[in-house]
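Breakdown of the fold
Now for the letters of each chain:
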Amino acid sequence: MRKFAKRCLALLAAMVMLFALAGCNTKEQPQDLVTIELNEVTHSVFYAPQYAAMELGFFEEEGLRVELTNGGGADKVMTAVLTGGSDIGLAGPEASIYVYGEGREDHCVVFAQLTKRDGAFLVSREPDPDFDWKDLAGSYVIGGRAGGVPLMTFEYLLRQKGLTPNVDLTVDSSVQFNMMAGAFTGGTGDYVALFEPTASLLEREGKGYILASIGEQAGEVPYTAYFASKSYIEQNPDIIESFTRAVYKGQQWVKEHSAEEIAQAIEPYFPDTDLELLTAVTQRHKDIDAWNDTPIMKQSSFDKLQEIMEQAGELSARVPFDEVVDNSFGEKVTKE
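A few points about the nonpolar core
- One finds Phe111, Leu136, Tyr226 and Phe243 to be the most contacted residues of the largest nonpolar core, which totals 105 residues.
- Each residue touching Phe111, except ones within four places of it in the same chain, is listed here: Ile88, Tyr226, Phe227, Ala228, Ile233, Ile240, Phe243, Thr244, Pro295, Asp326, Phe329 and Gly330.

Notes on the layout of surface pockets
- A volume near 250 Å³ is recorded for the largest pocket.
- As for the largest pocket, its lining consists of 14 residues, of which Thr42, Phe177, Asn178, Phe195 and Thr198 are closest to the centre.
- Elements represented by at least two residues in the lining of the largest pocket include exactly α7 (180-185) and β8 (191-194).
- A per-element tally of the lining of the largest pocket places α7 first, with 3 residues.
- Its residues assigned to classes, the lining of the largest pocket comprises 6 nonpolar, 7 polar and 1 charged.
- When its volume is computed, the second largest pocket comes out at roughly 150 Å³.
- Around the second largest pocket sit Ala74, Asp75, Met78, Thr79, Leu82, Glu94, Ala95, Tyr98, Val99, Glu102, Arg145 and Gly147, which together line it.
- When contributions to the lining of the second largest pocket are tallied by element, the ones reaching two or more residues are α4 (74-82) and α5 (94-101).
- Looking at which element gives the most residues to the lining of the second largest pocket, the answer is α4, with 5 residues.
- Residue composition of the lining of the second largest pocket, by class: 6 nonpolar, 2 polar and 4 charged.

Quick notes on the sheet that holds strand β10 (residues 224-229)
- If you walk across this open sheet you meet the 5 strands as β2-β1-β3-β10-β4, and the pairing is mixed. Each edge of the open sheet is held by one strand with a lone partner, namely β2 (64-70) and β4 (108-115). Direction aside, neighbouring strands of the sheet carry axes that sit 25° apart on average.
- Bridging between strand β3 (residues 88-91) and β10 involves 3 bridges; their strand directions are antiparallel.

Comments concerning the confidence of the model for the protein chain
- Scored by pLDDT, the protein chain comes out at a mean of 90, with 91% of its residues at no less than 70.
- For residues 1-29, every residue scores under 50 in pLDDT, and the model assigns this stretch 2 contacts once sequence neighbours within four places are set aside.

Notes on the pairing of β3
- The alternating pattern of β3 places Ile88 and Leu90 on one face and Gly89 and Ala91 on the opposite face, and all of these are buried.
- Pairing of strand β1 (residues 34-40) with β3 involves 3 bridges; the strand directions are parallel. When the bridges of β3 are listed, Glu40 appears paired with Leu90.

Digging into the pattern of salt bridges
- In total, this model carries 14 salt bridges according to the counting rule given.
- The closest approach of N and O atoms between Asp274 and Arg204, which form a salt bridge, is 2.4 Å. Remark: Arg204 occurs in helix α8 (residues 198-204) and Asp274 occurs in the loop between α12 (259-266) and α13 (275-287); sequence separation between them is 70 residues.
- The partly exposed category is assigned to Asp274, whose relative accessible area is 31%.
- The exposure class assigned to Arg204 is partly exposed, which follows from its relative accessible area of 47%.
- Put simply, Glu241 and Lys332 hold a salt bridge, and the shortest N to O gap is 3.1 Å. Note that Glu241 is positioned in helix α11 (residues 237-256) and Lys332 in helix α16 (residues 328-335), a separation of 91 residues in sequence.
- Taking relative accessible area as the criterion, Glu241 reaches 14% and is therefore assigned buried.

A look at the sheet that holds strand β6 (residues 140-142)
- The 5 strands are arranged β7-β6-β8-β5-β9 in an open sheet whose pairing can be described as mixed. Edge strands, defined here as strands with exactly one partner in the open sheet, are β7 (170-172) and β9 (209-213). Strand-to-strand twist in this sheet, taken as the mean axis angle between neighbours without regard to direction, amounts to 25°.

Calculation criteria
Residues numbered from 1 in each chain as written. Predicted model: local features only at pLDDT ≥ 70, side-chain atom pairs only at ≥ 80, totals over all residues. Heavy atoms only, no water. Core = buried A, V, L, I, M, F, W, Y, C linked by side-chain atoms within 4.5 Å. Buried < 20%, exposed > 50% of the residue type's maximum accessible area, 1.4 Å probe, protein only. Contact = heavy atoms within 4.5 Å. 1 Å grid on protein atoms, 1.4 Å probe; cavity = no way out; pocket = protein on both sides within 12 Å on 5 of 7 lines; lining within 4 Å. Points joined across faces, edges and corners; volume = space filled by probe spheres on them. Helix = DSSP H or I, 4+ residues; strand = E, 2+ residues; numbered from the N terminus. Nonpolar A, V, L, I, M, F, W, Y, C, P; charged D, E, K, R; others polar. Pairing = 2+ DSSP bridges. Axes fitted to C-alpha atoms, helices over the stretch in contact; angles between N-to-C directions. pLDDT = per-residue confidence, 0-100. Salt bridge = Lys/Arg side-chain N within 4 Å of Asp/Glu carboxyl O.

Dropping the structure here:
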């Protein structure tokens, strides 16, 4: 009986010790992390700093767990954020400009910029090593959703090259962002503007050929950024600051590492893309300087975005930079 009692006491002591050890590691337990519902406009290697931050534990270091959703278009991402379906959105800043212009009191505010130029590549049905932008005259191009930054930036570039959209060539704006590759492989259009790794996958399959980088030609613009409703930011400044800090860590890590190292880090987020192709795609983005080094948005870039929107006929009046963009979180984390 005494032996049995001793065994019970020993077992009880062991259990107490286990609970004590578990208590010492509460910061590492998933239940202690704040869950953030993040809605991204599409799933692309273009957002490598974000995936690197997720995979390398930068968000967890900030006490956050990110649950990722593919919105399939900036309009859908914005709707999710405004209705409370998502906490934070990743899409073009034009979505926030539209909402502010509508006079909504609890509009969305951009607090961190991720990419600084268009991430799409022009894809054709046939290889063309001597491609010139003027070759698009008389062609049919699937350009993107009307009102979205991808289409507006592409049309801006066409004008820079001396081509007037839907005069010198047809630019189809009726296809939803995540349906463009399918429409092209299904027989629509002579060209299509696609993100990676979709563009390279089509090229590997012999269904398309990458001709040029739209972003490299169009120049710097605040193409993709994080935003949340004004009320969410006011109620959760610590979360926004922590999120921004994690993004900044991802941006700096990507800046300091090779395409192969980046590809290895983000590989879990692209299970259908082999490492060789993922590395090549990542290098392509590094070559065009696609990613912002910090979360801070320049007002000059924001003004250029509004110019692009005006040229596209999507903006009747410009909105104040300080009403739609809040750089305070980015400025704080970059000074630490």
